[in-house]
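Examination of the molecular architecture
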Amino acid sequence: MWSKEEAKEFRVNFWNGFKRYCSGHRIYRKWVLTGVKIKSVQLKFYVDDRKALVLFQIDHKNDLERYRVYECFLSYRKLMAADCGEELKWEEDYTGIDGRVVSAVYFELPDVSIYRQTDWETIYAFFAGKMPLLEEAYWEYRDLITERLKGE
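Reference entry: report on the structure contained in this document.

Basis of the calculations
- Numbers given to residues run from 1 along each chain, matching the order in which its sequence is written.
- Where totals are concerned, whole chains, interfaces and linings use all residues; where local detail is concerned, this predicted model gives features only for residues with pLDDT of at least 70, and gives and counts side-chain atom pairs only at 80 or more.
- Side-chain measures were taken over the full set of non-hydrogen atoms in the model, leaving aside hydrogen atoms and water.
- Helical segments are the DSSP runs of H or I of at least four residues, strand segments are the runs of E of at least two, and each set is numbered from the N terminus.
- In what follows, residue pairs with any heavy atoms lying within 4.5 Å of each other are defined as contacts.
- Remark: exposure states derive from per-residue accessible area (1.4 Å probe, protein chains only) relative to the maximum for the residue type, with buried under 20%, exposed over 50%, and partly exposed in between.
- Polar contact criterion, stated in full: a pair of N or O atoms within 3.5 Å, where within protein one must be able to donate a hydrogen and the other to accept it, and residues adjacent in sequence count only if both atoms are side-chain atoms.

Turning to the environment of V47, a few remarks are in order. Tracing the backbone shows V47 in strand β1 (residues 41-47). With 83 residues separating them in the primary sequence, V47 and K130 have C-alpha atoms 14 Å apart. Look past the residues within four positions of V47 in its chain and what remains in contact with it is F14, W15, A52, I114, I123 and F127.

This next bit is on the environment of D93. Inspection of the secondary structure assignment puts D93 in strand β3 (residues 89-97). A relative accessible area of 39% means that D93 is categorised as partly exposed. In sequence terms D93 and R66 are 27 residues apart; their C-alpha atoms lie 9.6 Å from each other. Residues contacting D93, with those up to four places away along its chain left out, are R66, Y67, V101 and V102. Side-chain polar atoms of D93 contact the side chain of R66, separated by 3.2 Å. At 3.0 Å, the side chain of D93 forms a polar contact with the side chain of Y67.

Shown next, in the form of structure tokens:
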């Protein structure tokens, strides 16, 4: 087990390494992440001691509202699968991030750890390969989802 300070140092080194990875692979972009213009939705990179995720996280405090936003995303599932691939996962009640219940549309890389530096290159490649797919889906469906949520 790692102390809080050691765990923080791993996280800082990991994310600094991701910046270097992107620079070294000529990935010069600003990720959308929290710039998503759909209320209660974020695009996220996530890594812990068991897995890495690239995801749309829907985390409205009101479960009924969270379900409504998730259902709106779900209506575009076939289109998103065509754009992103069949390995895109969908969970209405997902507890894989900090024990909180959220709705998630995500890619998962299992059996990797932020605490194993030998996994970092694999995680970086996963992040750099999958996030552009979700960002493209976001740009493709953002206006449709936003309008649909307004109309309900």
